Amino acid sequence: MLIRTTLFAAALAAVLSAPARAADPGITDSEITIGLFAPMSGPLAAFGLDALQAAKMWYEETNKKGGIHGRKIKVIVEDDKCVPNEAVAVVKKFITVDKTFIVHGGSCTPAAVAAQEFVTREKVPHVMLNASGDGAVIPPTRYVFGAFAGTQRTVGASLAEFAVKELKGKRVAIIAHDDDFGVANSTTFKAVATALGAQVVAAELISPRVTDVTAPLLTIRASNPDVIVSTAYPAPAVLIGQKYGEFAMMKTPLVQAIQGIPVPSVYAKNVGNDAALANFYYGSPLNDLTEGPKQQKWLALYKQYYPDRQPSGFMTYGLPSAMAVTRALEKAGKNVTRENFIDAMETLNFESEVIAGPTAFAKDRRDGARSSIFVKFDGKTHTLMPGVYTWDGKAGM
Amino acid sequence: MSPLLLQGVASGIVTGCVYALIALSLVIVYKSSDVINFAGGEMVMLGGYLGMFALLWLGLPYILIFPFAALVIFVIGALFDRVVLTRVVGRAVPGQSILVAMIIGTVGLSYVLKGAVRVIPYTEEVRRLPPFSSGAPIFIGPVVLQHQDIAIVVAAVAIMAALWAFFSFTLIGKALRATSQNPRAAALVGIPVRLMSMTAWGLAAALAGVAGILLAPKLLITPDMGVIVILALAAAIIGGFVSLPGCVAGGIVLGVVQNLIGLYVSSRAISLAPFLVIMIVLLLRPQGLFAGKAVAKKV
Amino acid sequence: MYGAPPLSRLALLAPLLIAGFVLPLLLPQYFLYLGNFLMMFAVLALGLDLLLGWAGQFAFAHIAFFGIGTYATALLQIRLGVPFVIGMPLAALLAGLIGLAIGFPATRLRTVYLALATFAFAEAAQWVFNAWDKVTGGPDGLRIAAPSIFGYRVGTDPTAFPVLAIILALMIVATMYLTTSKLGRAMCAIRESEHVASASGIDVRATKAWAFAISAMYAGVAGGMYTLFQSFVNPDTFGFGQIVLLLSMIVVGGLGSIPGALIGVALLGLLPEVMRTTMRGLLIWQELVYGLILIGAVMFMPRGIWGFIAGRRGSR
């Protein structure tokens with residue numbers, strides 16, 4: 001009799017819990033499986049590897065504190081090399097072979113865009129890692145969340161606002177790359193600067209492989225700007241800094257976006273001429289200097305997890321997305337499904353203690369962060385400029 | 001000429017000398033083994049890193065990092081020829097071009113070199129070798145140049161002269177030329193053809209490595225900087241691909257043309273310039289801009 | 001060997017077609033995706049092999065024609081509403097015409113010069129895909145709408161798989177016919193010796209130009225196949241790394257043979273997936289290992305894998 005009751009109870013329990021389980025793979029009473037990916041090899045590994053390890057660290061910390069609603073997080077890691085077709089392969093492997101509950105990853109926008117159609121069709125939430133993700137979050141779609149350190153529109157908009165409001169630019173110039181980053185940067189920059197009443201006197205697009213920036217800088221100099229901004233990547237950013245110094249353009253402020261100056265001390269060393277940095281600023285989506293007091297606890301924690309690894313400047317960028325995932329899982333409750341996980345994601349609005357502004361989503365918003373700070377840097381000392389510059393979510397659309 | 005134009009030309013000449021040095025390396029390889037060395041850019045990259053490691057980690061004086069890097073890369077180049085290419089050529093299938101296999105071999109080498117450098121965490125950040133000579137910028141009229149720029153031009157000229165002297169006056173140089181023109185006849189008169197091919201590869205590789213040290217302070221080094229080989233190819237083609245002085249002229253023409261396009265067309269078109277140049281020159285003047293007669297075909 | 005290939009060889013395609021219809025019922029989408037990728041690359045490789053392995057012309061432009069085919073098929077559908085069954089042949093034709101236009105002047109060039117000219121063309125084409133953003137979407141890439149074929153909606157891996165299998169089978173048949181045709185023989189003759197070929201009455205220039213055009217059409221077809229199972233394309237898809245991969249595939253597999261091209265595609269196409277899953281913790285070494293594999297292949301298998309297999313069978 002007792003046995004029969006127990007069996008019946010077990011069967012009933014199985015029937016009751018079955019629908020949720022059958023609908024959404026990758027989740028059991030004791031475990032949630034998350035597929036985590038980033039470039040871990042190839043040219044862009046420095047951009048993704050540490051961010052991925054930081055996200056993994058956050059999940060392990062969460063597990064140490066007992067997990068979420070009694071479930072531990074299990075992470076499966078893959079390398080997409082930032083190649084769109086490989087990212088699609090990885091995402092398809094996660095969803096159809098490993099059967100993960102959600103997909104978390106991507107350090108490059110094209111990779112995220114390439115995977116978007118599939119995750120949407122399969123109705124699997126995709127939370128990006130540290131990709132700026134413009135193309136995948138604008139326009140917003142239900143299953144894809146990203147831009148945890150801001151879109152490239154945020155970069156362009158905050159540069160324009162800083163150049164016009166703080167540096168009092170009336171005639172501003174931008175030098176950007178001819179890729180997805182640069183096009184988003186320069187479009188938004190032009191829109192915001194114009195809206196604020198400044199004139200964009202030069203907008204130069206250069207190849208990321210450029211070997212001589214004499215021509216674009218001469219063009220910019222000839223346009224006689226009072227602020228120059230650059231959103232170039234590290235190597236071209238240094239070339240720009242050097243030429244700017246050579247042509248003695250220091251009375252015009254130069255503002256560099258974060259993608260070109262992951263480690264400011266290395267940048268200064270590479271420019272090799274501190275006089276060139278007399279009037280130099282850089283933007284950052286973080287809440288502090290890369291090694292500033294507010295970032296220290298993350299750096300210390302990372303050291304504890306990965307003692308042999310000297311993190312790149314992009315390490316902490318991986319944290320807010322993992323925080324968003326654990327918060328949404330928490331909020332969605334014990335009976336979390338992919339759909340109510342998304343509903344929970346949409347209501348998030350929290351301070352990550354990593355980046356400058358809040359991390360927030362809404363029904364019609366899929367880019368998590370919109371704020372930047374600016375730092376004056378003379379080659380040795382960093383001085384935080386006052387204020388946080390925030391994209392309004394409209395300019396440059 | 002406007003100051004803008006003068007600066008663009010001066011700067012183009014300096015960058016062009018860098019292209020020319022790499023182009024010289026490609027042409028030496030081509031003359032010796034009829035193959036395009038797609039690992040040429042990676043040899044440049046390796047030279048830059050070796051120079052940097054020797055300077056910063058081994059503490060060698062600056063002047064010694066040139067022979068150090070040159071020697072290491074000479075060995076790599078010579079070994080690649082001896083171990084890989086000799087085998088590929090020796091096992092050639094009749095009727096099938098071995099060019100493809102050889103080129104894939106060099107592409108393989110480029111991945112190996114890039115991959116070997118990339119596993120060193122230090123290379124994750126963009127690095128710059130301290131300049132060979134530094135100081136306040138030099139003004140020539142309205143044109144401003146850096147000490148390193150002058151050093152690059154001087155070095156390019158010196159290397160050119162040294163190569164010319166080497167190929168004209170030394171026994172090895174003459175033997176190399178003989179082998180390149182007719183390997184069978186060279187073998188008949190007792191020139192060790194295989195050794196000559198190794199020497200040519202080593203020499204070309206060392207040249208690329210030295211170019212790497214020269215340009216590392218100017219262009220910075222990353223494991224992916226090898227793409228610069230494209231510009232060197234364009235320079236070599238302008239010069240006719242078999243002529244050493246042609247290369248130097250070709251490099252300078254390319255450097256200047258890129259800046260002129262950047263100034264008067266658009267910055268975006270700069271990266272298109274080398275490809276257009278390659279296509280136009282090959283279709284209209286396959287012998288290069290500076291050669292008088294058509295390229296002699298080797299039998 | 002002149003004329004049609006024997007029926008027994010055509011029958012070898014039956015397993016491909018059966019697999020095309022059965023595997024979608026059995027395998028997870030990840031494997032179907034890889035399969036689709038391989039089938040697309042197989043068509044690319046067959047086309048490149050015609051030019052390189054059969055006609056002996058070393059050209060780098062193949063990846064540009066692939067890009068032209070992809071963008072043309074996708075844009076014809078998105079912008080003009082041209083259905084796939086018309087759009088893809090049009091795109092292939094366009095690729096073929098541009099191939100012909102490139103082929104004629106390029107036939108004046110030999111060996112390294114041809115390689116360099118076509119390499120420059122491929123890079124310039126990639127620049128155009130990137131800079132012509134009003135049409136191609138530029139660096140932001142282009143989203144591809146799911147095509148339908150006579151009402152059968154494609155666009156996912158399981159639905160595209162049988163279609164790709166059919167296209168691949170047709171292209172293999174076409175290659176069999178082509179290589180045993182008069183043109184195919186002429187191509188081989190040119191590869192062996194242009195002087196002998198022209199002495200025996202073969203129009204060398206015309207044959208080369210045809211080889212260019214046909215090879216480009218294969219790439220255009222492969223571009224159309226891309227739009228069947230991918231939802232996004234950006235200019236990075238058509239870079240130098242891809243043409244190196246493609247060249248390596250046919251060299252490793254064995255030049256101038258259909259099975260060789262297919263073997264090379266399967267091996268090198270799966271290599272990234274294999275390396276990623278077997279080299280855990282050593283991911284950063286992938287590039288080095290890939291380079292060593294390329295060097296090893298040209299060193300130890302001059303005739304490619306198929307040449308090796310066929311050679312052993314022959315010697316028995």
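The present account deals with the structure reproduced in this document.

The rules behind these values
- Residues numbered from 1 in each chain as written.
- Chains lettered and ligands numbered in written order.
- Predicted model: local features only at pLDDT ≥ 70, side-chain atom pairs only at ≥ 80, totals over all residues.
- Helix = DSSP H or I, 4+ residues; strand = E, 2+ residues; numbered from the N terminus.
- Expected span 1.5 Å × (residues − 1).
- Buried ≥ 20, exposed ≤ 12 C-beta atoms within 10 Å, placed from the backbone.
- Core = buried A, V, L, I, M, F, W, Y, C linked by C-beta atoms within 7 Å.
- Contact = placed C-beta atoms within 7 Å.
- Nonpolar A, V, L, I, M, F, W, Y, C, P; charged D, E, K, R; others polar.
- Axes fitted to C-alpha atoms, helices over the stretch in contact; angles between N-to-C directions.
- Parallel < 35°, antiparallel > 145°, perpendicular 65-115°, else oblique.
- Pairing = 2+ DSSP bridges.
- Right-handed = clockwise from strand over helix to strand, strands pointing away.

A few points about helix α2 (residues 45–64) of chain A
Residues and elements named next belong to chain A. Taking 1.5 Å of rise per residue, 20 residues should cover 28 Å, and α2 covers 28 Å from first to last C-alpha, within 8% of that figure. With respect to burial, α2 is a largely interior element, 15 of its 20 residues being buried. Taken from the residues just after α2, Gly 66 is the one with a positive phi, measuring 105 degrees.

Description of the nonpolar core
B:Ile22, B:Ile278 and C:Val43 are the most contacted members of the largest nonpolar core, which has 349 residues in total. The residues contacting B:Ile278, other than those within four sequence positions of it, are B:Leu233, B:Ala234, B:Ile237, C:Leu116, C:Ala117 and C:Ala120.

Some remarks on the interface of chain C and chain B
Listed per partner, the contact involves 37 residues of chain C and 38 residues of chain B. Of all the secondary structure elements, the ones that give two or more residues to the side of chain C that touches chain B are α6 (111–131), α9 (182–192), α12 (240–253) and α14 (286–300) of chain C. Per-element accounting of the side of chain C that touches chain B gives the leading share, 12 residues, to α6(C). For the side of chain C that touches chain B, the per-class residue count stands at 28 nonpolar, 4 polar and 5 charged.

Considering the interface of chain A and chain B
A common way to report how large an interface is uses the accessible area buried once the components associate. On the chain B side, the residues contacting the 29 residues of chain A number 30 residues. Elements represented by at least two residues in the side of chain A that touches chain B include exactly β7 (199–206), α8 (214–222), α9 (234–246) and α10 (264–271) of chain A. Tallying contributions element by element places α8(A) first for the side of chain A that touches chain B, with 6 residues. Among the residues making up the side of chain A that touches chain B, the classes are represented as 15 nonpolar, 8 polar and 6 charged.

Here's the deal with the packing of helix α1 (residues 3–33) of chain B against helix α9 (residues 229–238) of chain B
All names here are of chain B. It is the contact of α1 with α9, at a shortest axis distance of 8 Å, that shows an interaxial angle of 75 degrees. Considering their axes alone, α1 and α9 lie roughly perpendicular with respect to each other. Where α1 approaches α9, its residues Tyr 19, Ala 20, Ile 22, Ala 23, Leu 26 and Val 27 are matched on the opposing element by Val 229, Leu 231, Ala 232, Leu 233, Ala 235 and Ala 236. For the contact of α1 with α9, the residue count by class is 12 nonpolar, no polar and no charged.

Here we look at the pairing of strand β8 (residues 227–230) of chain A
Residues and elements named next belong to chain A. The side-chain alternation of β8 yields two buried faces, one formed by Val 227 and Val 229 and the other by Ile 228 and Ser 230. As defined by bridge partners, β8 adjoins strand β9 (residues 254–256) across 3 bridges and the pair is classed as parallel. By the bridge assignment, Ile 228 is partnered in β9 with Leu 254. Regarding topology, α9 serves as the crossover connection from β8 to the parallel β9, and that connection is right-handed.

Let's talk about the environment of B:Gly212
All names here are of chain B. Relative to the helices and strands, Gly 212 is located in helix α8 (residues 193–219). C-beta crowding within 10 Å serves as the criterion here: with 33 such atoms nearby, Gly 212 is assigned to the buried category. Sequence separation between Gly 212 and Phe 66 is 146 residues, and the spatial gap between their C-alpha atoms is 9.7 Å. Beyond its immediate chain neighbours, meaning those up to four positions away, Gly 212 contacts Val 44, Met 45, Leu 46, Gly 47, Gly 48 and Gly 51.

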